[in-house]
Amino acid sequence: MSDREYWLWISSVEFLYFEKLKKLIEQFKSVKNIYCANKKQLMIKGGLSDKEITSLDESKKRFSPEQYIKNLEKNNIQFVCIEDKNYPKRLFPYNHKPYFLFYKGKLPDDSLPIVAMVGARACSGYGRNMAKSLARGLSENNVQIISGMARGIDTYSGLGALEGKAPAFAVLGCGADICYPTENIELYEDILNNGGIISEYPPGSPPLAWHFPQRNRIISGLSDKVIVIEAKEKSGSLITVEWALEQGKDILAVPGRAGDRLSDGCNRLIKNGAGMVTCVEDILEELKYVVFNKLYLNDAVEKTLEKDFLLLYSELSLQPKNIYELIETTGLKYERLVEMLLQLQLRGLIEQPSYNCYSRLN
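Residues numbered from 1 in each chain as written. Predicted model: local features only at pLDDT ≥ 70, side-chain atom pairs only at ≥ 80, totals over all residues. Heavy atoms only, no water.

**Topic: helix 12 (residues 261–271)**
In an α-helix there are 3.6 residues to a turn, and that puts residues three or four apart on one side.
Point 1. Within the span of helix 12, buried status applies to Leu262, Ser263, Gly265, Cys266 and Leu269. All buried residues of helix 12 fall inside an arc of 150 degrees around its axis, so they share one side. Away from its buried face, by an angle of more than 90 degrees, helix 12 presents the exposed residues Arg261 and Lys271.
Point 2. Its buried side turned inward, helix 12 meets strand 7 (225–229), helix 11 (237–246) and strand 8 (250–254).
Point 3. Where helix 12 begins, the capping side chain belongs to Asp260, and its oxygen is found 3.0 Å from the backbone nitrogen of Leu262.
Point 4. Just downstream of helix 12 lies Gly273, where phi reads positive at about 115 degrees. (Buried < 20%, exposed > 50% of the residue type's maximum accessible area, 1.4 Å probe, protein only. Helix = DSSP H or I, 4+ residues; strand = E, 2+ residues; numbered from the N terminus. Arc of directions from axis to C-beta. Contact = heavy atoms within 4.5 Å. Polar contact = N/O pair within 3.5 Å; in protein donor to acceptor, adjacent residues only side chain to side chain.)

**Here's the deal with the pairing of strand 3 (residues 114–119)**
Point 1. Most of strand 3 is tucked away: six of the six residues are buried.
Point 2. Side chains Ile114, Ala116 and Val118 of strand 3 all project onto a buried face; the interleaved residues Val115, Met117 and Gly119 project onto the opposite face, where all are buried too.
Point 3. One ladder, built from three bridges, connects strand 3 with strand 4 (residues 144–147); its direction is parallel. Among the inter-strand pairings, Ile114 is bridged to a residue of strand 4, identified as Gln144.
Point 4. Crossover connection from strand 3 via helix 7 (residues 125–140) to parallel strand 4: handedness right-handed.
Point 5. Pairing of strand 3 with strand 7 involves five bridges; the strand directions are parallel. Of the residues in strand 7, the one forming a bridge with Met117 is Ile227. (Pairing = 2+ DSSP bridges. Right-handed = clockwise from strand over helix to strand, strands pointing away.)

**What about helix 10 (residues 211–222)?**
Point 1. With twelve residues, helix 10 should cover 16 Å at 1.5 Å per step; its first-to-last C-alpha distance of 17 Å lies within 8% of that length.
Point 2. Within helix 10, eleven of the twelve residues are buried, which leaves it mostly tucked inside the rest of the structure.
Point 3. Listed as buried for helix 10 are His211, Phe212, Gln214, Arg215, Asn216, Arg217, Ile218, Ile219, Ser220, Gly221 and Leu222. (Expected span 1.5 Å × (residues − 1).)

**A look at the pattern of salt bridges**
Point 1. Tallied over the entire structure, the rule returns 15 salt bridges.
Point 2. In this structure, Asp110 engages Arg90 in a salt bridge whose closest nitrogen and oxygen atoms are separated by 3.3 Å. Within this pair, whereas Asp110 is found in the loop between strand 2 (100–105) and strand 3, its partner Arg90 is found in the loop between strand 1 (78–81) and strand 2, the two being separated by 20 residues in sequence. An identical accessibility class is assigned to Asp110 and Arg90; each is buried.
Point 3. Here Glu339 ties to Arg336 by a salt bridge, and the two come within 2.4 Å at their closest N and O atoms. Here Glu339 and its partner Arg336 are both found in helix 16 (residues 334–346), three residues apart, which amounts to about one turn of the helix.
Point 4. Assessed through its relative accessible area of 19%, Arg336 is described here as buried. (Salt bridge = Lys/Arg side-chain N within 4 Å of Asp/Glu carboxyl O.)

**A short note on a nonpolar patch on the surface**
Point 1. A cluster of nonpolar side chains, namely Tyr17, Leu208 and Trp210, defines an oily patch on the protein surface of about 300 Å² accessible area.
Point 2. Among the secondary structure elements, Leu208 is positioned in the loop between strand 6 (196–199) and helix 10.
Point 3. Exposure remark for Leu208: the relative accessible area of 36% places this residue in the partly exposed category. (Patch = residues over 30% accessible without salt bridge, like charges linked within 9 Å, V, L, I, M, F, W, Y side chains within 5 Å. Areas by Shrake-Rupley, 256 points an atom, 1.4 Å probe, with all protein chains shown as cover.)

**As for the sheet that holds strand 1**
Point 1. The nine strands lie next to each other as 1-2-6-5-4-3-7-8-9, forming an open sheet whose pairing is mixed. The two strands at the open ends of the sheet, each matched to only one other strand, are strand 1 and strand 9 (275–276).
Point 2. Each of strand 2, strand 5 (168–172) and strand 6 is contacted by helix 9 (residues 185–194), which is oriented at about 120 degrees to strand 5, the strand it contacts most. (Axes fitted to C-alpha atoms, helices over the stretch in contact; angles between N-to-C directions.)

**Comments concerning the environment of Ile323**
Point 1. Here Ile323 shows up in helix 15 (residues 323–330).
Point 2. The class for Ile323 is buried, based on a relative accessible area of 0%.
Point 3. C-alpha of Ile323 to C-alpha of Lys132: the two residues are 191 residues apart in sequence and 42 Å apart in space.
Point 4. Apart from the residues within four sequence positions on either side, Ile323 is in contact with Tyr334, Leu337, Val338, Leu341, Asn356 and Tyr358.

**Observations concerning the sheet that holds strand 10 (residues 321–322)**
Point 1. Pairing within the open sheet is antiparallel, and its three strands lie in the order 10-12-11. Two strands lie at the open edges of the sheet, namely strand 10 and strand 11 (350–354), each paired on one side alone.
Point 2. Of the strand pairs in this sheet, strand 11 and strand 12 (residues 357–360) are connected by three bridges, and their pairing is antiparallel. Among the inter-strand pairings, Ile350 is bridged to a residue of strand 12, identified as Arg360.
Point 3. Running at roughly 110 degrees to strand 11, helix 16 makes contact with strand 11 and strand 12 of the sheet.

**Describing the packing of helix 7 against helix 8 (residues 153–162)**
Point 1. Put simply, helix 7 and helix 8 touch, their axes get as near as 7 Å, and they point 35 degrees apart. Crossing handedness for the pair helix 7 and helix 8: right-handed. Here helix 7 contributes Gly127, Arg128, Ala131, Lys132, Ala135, Arg136 and Ser139 to the contact with helix 8, which in turn contributes Ile153, Tyr156, Ser157, Leu159, Gly160 and Ala161.
Point 2. Counted by class, the contact of helix 7 with helix 8 contains six nonpolar, four polar and three charged residues. (Left-handed = near helix turned anticlockwise from the far one by under 90°. Nonpolar A, V, L, I, M, F, W, Y, C, P; charged D, E, K, R; others polar.)

Next up, the structure:
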């Protein structure tokens, strides 16, 4: 089989959720090596149980690349893995990036800004109106909107985005061929016609509870900013915020009335330093500093270094970091790191507030 067919095979193995797959790939270095490994190797190096090894062997016997591809095409589902050129560049810097994605429609345009919008499922009329109007205003300004297409804020964000001109996207906690929740079937179809439906899980995968926290890292990873609209103190939306903070993304929140449970989470985020959003102009002002497309190197710089630039930029934030800390977190050599930091400074993307310390421009 080809390398791509090995990726297709491993994407079909149901029990290999992300963390387990990550461990296997780290141990065996390639999907082909996993496929060719014997039982002893899978047990000792891979940490798989007898049951899992049996399941893996059975998957090899029943897997047919031709049939698998045919089934994907039948359902208008496309497949992209980390070795493909069209794999989303925004996801590259993260060690928890998905190894592959299934999608219907198209993937987000890497040259345009993307904003993730999340919030309460049981939202208020205020939350619904804010989500819809903010998403519409952003989309009218050519900002792509991405959400999880859940009930509540996600739904109204999607509806607002569709009223603008920019593509809208949804990352699902089930197969891309399944609309969940089912009452959002019209929204599902409209997003599909306008942008794309994305999933880490193979076609037919049900909406299992543990899928949703995992898919949130993809929502935040694909975005430049994360907007939170109505969230309780212990809200599922804050899982996306946690992922975003780990990824170095900026958080913005819509404030609510003091004492309102639906606004406790947002008000807390603002108190802790998140940007406050009262109108679409607040977000557009923040997006002036989104320079992701400038990170795509010009012809004067080797294209092979693109991934390193993205990695370095993702490690920087508004809080200055010492160059030696950046060496440790990026794994880049001192000479190369200095050269790259200078390039980013010349592009107006970062500054050097003190000797050997660097931060993003605010």
